[in-house]
Structure formats: structure tokens, C-alpha cells
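Letter by letter, the chains look like this.
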Amino acid sequence: MYRITVCAASRYATSNADYVYGNSIKTAISTKIGGTSAATETIDNIPVYDGVNTLTFGVELAAGQSGSNKGAWACIKDIQVYYLGSETGAADYTALLGSEITAAQSVLGTYTGKIGTAIFQFNASTQYDALNSAISSANTTYEAGSVTESDYNTQSAALSSAKSALQAIAMTAPDESKYYILRSNWNKTYCLNLNWVNADNPAEVGNYPTISTLDYGVKFKAVTGQNDQFYLVGIDGQYLGSNTTDNNALTDKKIWRSTDERYTKWRVIPIAGGHFRLYNTYASRYLWTETVSSVPTLKCSAHSYATADNSYWDITELTTSSASMYITSAGWATFVAPFAVELTGSLSGVEAYTVTTDGSTVTLSEALTTIPANTPVLIKGDAFGSPVEVCGYSQAFWNGQPQVDNLVGTLTAQTLPTDGTVYLLQKQDDVVGWYHYTEGTISSTANRAYLKVAYGGGAREFIPMVGDNEDTAITSVNAEGTKANGYYNLQGQRISNPKNGLYIVGGKKVIVK
């Protein structure tokens, strides 16, 4: 038997039930921080059975505060531990067994709702059931009263063995080669938007990041020696972190991207219902979501509401997505995918270019060996007999549609803007170029792109594929939108009512008399 005395004070004191505890016995802290002095709290007769129990003591803080009382803390000093000697007898063994049962129930409770075969669960249903059974058996003996030394030894050993077996089962870690989706169980949006503050470059300014409505994959890279701690690494290689510059528990911390591993360690905490909480070990705060002006944002906080359902996350494996690449006998097309595509293997003969234009001529970049994620390109190569499906992990993009220079990608089939800025790569008989669209419904299929040009000034109605020759003969390309028809003068301007003269019609020179 032991006694513990602690000089303690709490922010809330007795009314909010902050405690000093020794094993399963606890006493409320009676003095509030800010008073003239702290009070000495005493816990007497803490049972520790040799070879089975250990003596554990500390402070237990109240949770669930609200309003101006968010955050909790206490201070303790002058901790003293006294050995009171050994106590025996039927009554003592009954009390000791009760303490053992309470400790075992606490262990069982930490695993309740977390047993299973999925990642971040414990594949320990047999061990869980065994501890539950040992607790039930010990309870039967305890409730009978007058526990003998032999009874206590038998039940205590069974509880200890069952606890150890359950606690020996490690959490099932995720596959570090796979990507996973973090989805807020509260507002049903996804993490992450990587437009956050760069902790490695303080001059880079940003606000709390918004949360993407798109899937965004992260890898869980295990922290050495910590079964429940991981670095969260985005598909683009950036780490999710949270930096802190003060110790104010009421202050929300920004989410950072950083290469400094100190900021980027997260503890994954399973909770009931198959959800999880993410706790940043550097900032000592939870990742949670908040809706401000209908825009979900990410924060890292120690507020009590950061332990509620707005800090609950669902974690599921991210599956690969596919994109269709198609080149007809002409050898030209546009393409975009939400993941990087290496031009190797069956695609080794494909050339890819980004595109710029002044509205009169088109300029191609140097040929790419890999098409980056969300990068619309012009592709050239031998014809595919049928569309080629390419696969990869999607990367989120944040500006509605991915755009590089003048080329805008359409990751899904959609109706294009009718603001007069759209040029589609089209075949007009034997000549291919970029045709201006201003009337009717303009549609584009998935994984294609269109040229965006502010029409006017020197911009043409028809822009040749390459160069400044209005009758450049690049033959046959996959039609990617509504076919354009019309008369164009030699400057590429569309003519509604052609009179006598030379025009381009369907890519060919036509004389109107």
C-alpha cells in the first residue's frame, strides 16, 4: 500500500473535476490556478500487488469545456510517495482484486471499437475476447466477497496475462507504397489542399488551407519506433505539418508544408465508429475542419471542439484512376490526365508538347518525356487502333480546370465556356488547326484540352496547327468537339457573307465568284 501527496492547482478546480490520481484512485484538485497558493492533495492506500501492478500517478484534466473555458491545464509540484507497508486479509484481497478489475477494464476500453483487420485497427479479436472473459470471471469472484489470497492470485494472474496478450498486438500499419484518402466525417470533404504556408520558407505567406472536394492521396510513412505515429506525405512529395510559436492552448495553428520532420509527425488515434483523429506531436494539437463563409478550412487546435466530430477522419485506400489517350491516323490530338504519364513502353513513340499562342500562330515547347499531372498537352505519334487507357494516382488541382499557358484541360466530359475564348483542335477535310467557337453548345470529352485565346486584335478565327501558313497541311486528327464550318479569309478571319475572292473552306483554298 502507498500514499501520494501532491501540491496541485487547476484552471477549473473542484467544480470541473480535474483530478490527481494514483492507479485507479483519484481525488479532485481543490485549488484554482491564480489563488494565493496551491493545496496539498493526498491519495491514501493505493494498492500495488508485487509482480502484477505498477504504481502510476499524475493529473487527469477535464475535457469538453466550452466558451471561454477552452483548453485545460494544471500545475503540480512537491510530489511525494510513501510506502505504507503490506496489508493482508480477506478484505484487503477483495479491494486488491477490485483494483485489478478496474485496471483491466480500462485497458479493454482503449481497444473497444478498434478491433478489426483494417489499417489502424488491432487484429486482436481473440485477445480482446480473452480479456473480456477474464474480467467477467474476476468480477464473479469479487462480487462474492471475502476474496482469499489464493483466489486473488489466480484471478490477478489471469487478468495480467490477458492484458499483456492484448497490449502486445500492434496496430495494423498502412502499406507505405499505397496512397490513402483523408475524408472529414464532419463536412464530408477531403484533405488536402497544398496551398498552405511553407514552413521552410517563412517569406511565403498564406492562410488556413481550404479543403479539396476532390480525392487527394497521402502516404503514411511510419515514424521509427512509434507504432501509431506517421509522416503524411502527399503525392507531390510534400509533407503535412503544423508549426507552433507559442504555448497558448486557445490558438489555432496553421497547417504547414515542410521538409522538417519535427513538424510533420502525426499520431493516428482510432475512435469508435471506425473513424480516426490525427494529432500533431510537435504542435500538440488535433487536425480538424471548420467551415468559414461556406469554405471548409483545415486547422490544428487544442480546443475542446477539436476533439468532437469535426476532428473525425475516415481513412480509405486511394485506388488508381484511368484516362483515355487516343491518336487517329493523323497523328495529332490533345490530352490531359490527373496523374503523371511516362512516355515509355507502348507510349514511347508519343511526343507531347505544351502550347502557347498569340492568337495568330502556335508555338510548341520542347518535347516532354513525361506528361506531368494536370498538364494539358498536344500529342503526336502513330495512330492507336483504339483508345489507350493509362492509369495512375490522381493528384488534386485547385483552379477549376488544369491550365498550362494557353491550353486548358478537361478531365471530365463537360460543356465549355461560350465567352468567345475557346478554340478546338479540329479537322476540316485535309487540314487541321485550331478553330474559334462562339455559337451553340461547345462540348469536350474527358482527357482532352482546348486552346484559350482572348479573341480580338490580331487573333484569328482559324489558327494553323504550327507556323504562320494558313494552308498548312496537317492531315486528319481526332475530332474533339462540334465540327466547325465556315469561310475564312487568308488572315484567318471568319467571313459570314463571303463575296468574290479567295477563302479557306474546310482547310482548302476556294475561289468565290
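Let me begin by describing the structure that accompanies this report. (Residues numbered from 1 in each chain as written. Predicted model: local features only at pLDDT ≥ 70, side-chain atom pairs only at ≥ 80, totals over all residues. Heavy atoms only, no water.)

Moving on, we come to the sheet that holds strand β1 (residues 2-10). Here three strands make up an open sheet; going across it, the order is β4-β1-β6 and the pairing antiparallel. A single partner strand is all that each edge strand has here, and the edge strands are β4 (39-46) and β6 (74-83). Taken over all neighbouring pairs, the strand axes of this sheet differ in orientation by 20 degrees on average, direction set aside. Sheet topology note: the β1/β6 ladder contains eight bridges and is antiparallel. Bridge pairing links Thr5 to Gln80 in β6. (Pairing = 2+ DSSP bridges. Helix = DSSP H or I, 4+ residues; strand = E, 2+ residues; numbered from the N terminus. Axes fitted to C-alpha atoms, helices over the stretch in contact; angles between N-to-C directions.)

What follows concerns helix α2 (residues 125-144). Taking 1.5 Å as the rise per residue, α2 with 20 residues should run 28 Å; its terminal C-alpha atoms sit 29 Å apart, in good agreement. Within α2, burial applies to Tyr128, Leu131, Ala134, Ile135, Ala138 and Thr141. Down the axis of α2, the sector holding all buried residues measures 150 degrees, keeping them to one side. Residues of α2 that are exposed and angled more than 90 degrees away from the buried face: Thr126, Thr140, Glu143 and Ala144. (Expected span 1.5 Å × (residues − 1). Buried < 20%, exposed > 50% of the residue type's maximum accessible area, 1.4 Å probe, protein only. Arc of directions from axis to C-beta.)

Time to look at the side chain of Thr421. In this structure, Thr421 sits in the loop between β30 (414-415) and β31 (422-428). Given a relative accessible area of 14%, Thr421 falls into the buried group. Among residues more than four places away in sequence, those in contact with Thr421 are His436, Leu451, Lys452 and Val453. (Contact = heavy atoms within 4.5 Å.)

Below, the discussion takes up the packing of α2 against helix α3 (residues 149-167). At a minimum axis separation of 9 Å, α2 and α3 run at an interaxial angle of 160 degrees. What the angle tells us is that α2 and α3 run roughly antiparallel. Crossing of α2 over α3 shows left-handed handedness. For the pair formed by α2 and α3, the contact residues are Gln127, Tyr128, Ala130, Leu131, Ala134, Ile135, Ser137, Ala138 and Thr141 on the first element and Asp151, Gln155, Ala158, Leu159, Ala162, Lys163, Ala165 and Leu166 on the second. (Parallel < 35°, antiparallel > 145°, perpendicular 65-115°, else oblique. Left-handed = near helix turned anticlockwise from the far one by under 90°.)

Here strand β2 (residues 19-22) runs beside strand β3 (residues 25-28); their pairing, made up of four bridges, is antiparallel. Its bridge partner being in β3, Val20 is matched across the sheet by Thr27. Taken together, β2 and the strand that follows it, β3, pair antiparallel across an intervening segment of two residues, in which Asn23 is found at a positive phi of about 50 degrees.

Let's shift gears to the sheet that holds strand β26 (residues 377-380). Taken together, three strands build an open sheet; the order of strands is β20-β26-β22 and the sheet is antiparallel. In this open sheet, the two edge strands, each paired with only one partner strand, are β20 (332-335) and β22 (351-353). Between one strand and the next, the sheet's axes are offset by a mean angle of 30 degrees, whatever the strand orientation. Across four bridges, β20 lies against β26 in antiparallel orientation. Within β26, the position partnered with Thr334 by the bridge is Leu378.

This part is about the nonpolar core. One finds Phe120, Phe220 and Ile315 to be the most contacted residues of the largest nonpolar core, which totals 37 residues. Of all the elements, helix α1 (residues 90-111) adds the most residues to this core, at eight residues. Membership of the second largest hydrophobic core comes to 17 residues, among which are Met325, Ile327, Leu347 and Val377. (Core = buried A, V, L, I, M, F, W, Y, C linked by side-chain atoms within 4.5 Å.)

The final tally for this structure, using the stated rule, is eight aromatic pairs. Note on Tyr111 and Phe122: the rings are 4.9 Å apart at their centroids and 70 degrees apart in plane angle, and the pair reads as edge-to-face. Taken together, the residues span a long stretch of sequence, with Tyr111 in helix α1 and Phe122 in the loop between α1 and α2 at a distance of eleven residues. Exposure remark for Phe122: the relative accessible area of 11% places this residue in the buried category. Through successive ring pairs, a cluster of aromatic residues spans Phe120, Tyr180, Phe220, Phe230 and Phe276. Above the plane of the ring of Tyr82 lies Arg3, whose end atom (NZ or CZ) is 6.0 Å from the centre. Residue placement shows Lys26 over the ring face of Tyr19; its charged tip is 4.4 Å from the ring centre. (Phe/Tyr/Trp six-rings, centres within 6.5 Å; stacked < 30°, edge-to-face > 60°. Lys NZ or Arg CZ within 6 Å of the ring centre and 35° of its normal.)

For the rest of this paragraph, the subject is the state of the cysteines. All chains considered together, the criterion is met by zero disulfides. Left without a disulfide partner, Cys75 is nearest to the cysteine sulfur of Cys7, which lies 7.7 Å away. According to the relative accessible area criterion, Cys75 is partly exposed, its value standing at 41%. (Disulfide = S-S within 2.5 Å.)

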